[in-house]
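# Analysis of the macromolecular model
Read off the chains here:
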Amino acid sequence: MVSFLRSSRIDRHLVEEAGDVGRLIVEATSEFRGRASWDINVKIIDAISKISERASNFGGSSYHQLEANVKIIWKRLMSKEIKTVLLTLELVDALVKNCGINFHKALSNSKDFIALMKKHCLKLMKGVDMVSRERPIDVQRKALEIVQIWGQDFSRSRRRKD
């Protein structure tokens with residue numbers, strides 16, 4: 001796992017603050033992965049759900065840990081590696097669908113995250129991942145697909161509340 005951290009250009013202090021979940025996020029979104037590891041993604045979802053629940057009940061260190069994990073996700077979305085961004089988009093989509101309101105709040109409190117999703121929807125990344133043959137348009141399509149699905153899901157849940 002150390003090689004994942006070395007290649008990710010993420011501040012070690014941030015990963016330490018995020019705990020084991022932060023390390024799992026870096027591992028799950030590594031450009032060296034051939035495809036998404038749903039075993040790791042499910043562990044991340046379970047852990048983030050527990051952290052989110054503790055953050056709502058107790059706040060404090062749990063909320064800071066949740067914020068640190070959101071920062072790691074944000075940094076992974078900023079990667080120049082197309083594979084890393086695509087794997088992170090898949091992970092974020094799974095987290096949004098499975099982790100509940102506290103995770104949504106932590107994500108939406110990060111204005112940088114919203115701006116970054118907008119950027120991925122509107123602008124193409126440069127280059128082609130020569131190993132996986134993924135292209136910048138793949139990132140744009142995935143980001144647009146995710147935002148569209150989130151919009152539909154959130155509008156349905158809002159209608160149910162009304």
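If you're wondering where the values come from, they're calculated on a predicted model, not measured in any experiment. (Residues numbered from 1 in each chain as written. Predicted model: local features only at pLDDT ≥ 70, side-chain atom pairs only at ≥ 80, totals over all residues. Heavy atoms only, no water.)

## Quick look at helix H6 (residues 82–98)
Taking 1.5 Å per residue, 17 residues should reach 24 Å; H6 reaches 24 Å between its end C-alpha atoms and fits that length. Most of H6 is tucked away: 14 of the 17 residues are buried. Count one or two residues on from H6 and you reach Gly-100, which has phi positive near 85 degrees. (Helix = DSSP H or I, 4+ residues; strand = E, 2+ residues; numbered from the N terminus. Expected span 1.5 Å × (residues − 1). Buried < 20%, exposed > 50% of the residue type's maximum accessible area, 1.4 Å probe, protein only.)

## Describing the confidence of the model for the protein
When pLDDT is averaged across the protein, the result is 81; 81% of the residues are at 70 or more. Low pLDDT (under 50) marks residues 1–8, which in the prediction has 13 contacts with non-local residues, meaning those over four places away or in another chain. (pLDDT = per-residue confidence, 0-100. Contact = heavy atoms within 4.5 Å.)

## Quick word on the nonpolar core
Formed by 42 residues in total, the largest nonpolar core has its most connected members in Ile-44, Ile-48, Leu-77, Leu-89, Leu-95, Phe-103 and Met-117. Elements supplying a minimum of two residues to this core: helix H2 (12–18), helix H3 (20–28), helix H4 (38–58), helix H5 (61–77), H6, helix H7 (101–108), helix H8 (111–122) and helix H9 (136–161). By residue number, the principal contributor to this core is H6, which donates nine residues. The residues contacting Leu-95, other than those within four sequence positions of it, are Ile-44, Ile-45, Ile-48, Ile-73 and Phe-103. (Core = buried A, V, L, I, M, F, W, Y, C linked by side-chain atoms within 4.5 Å.)

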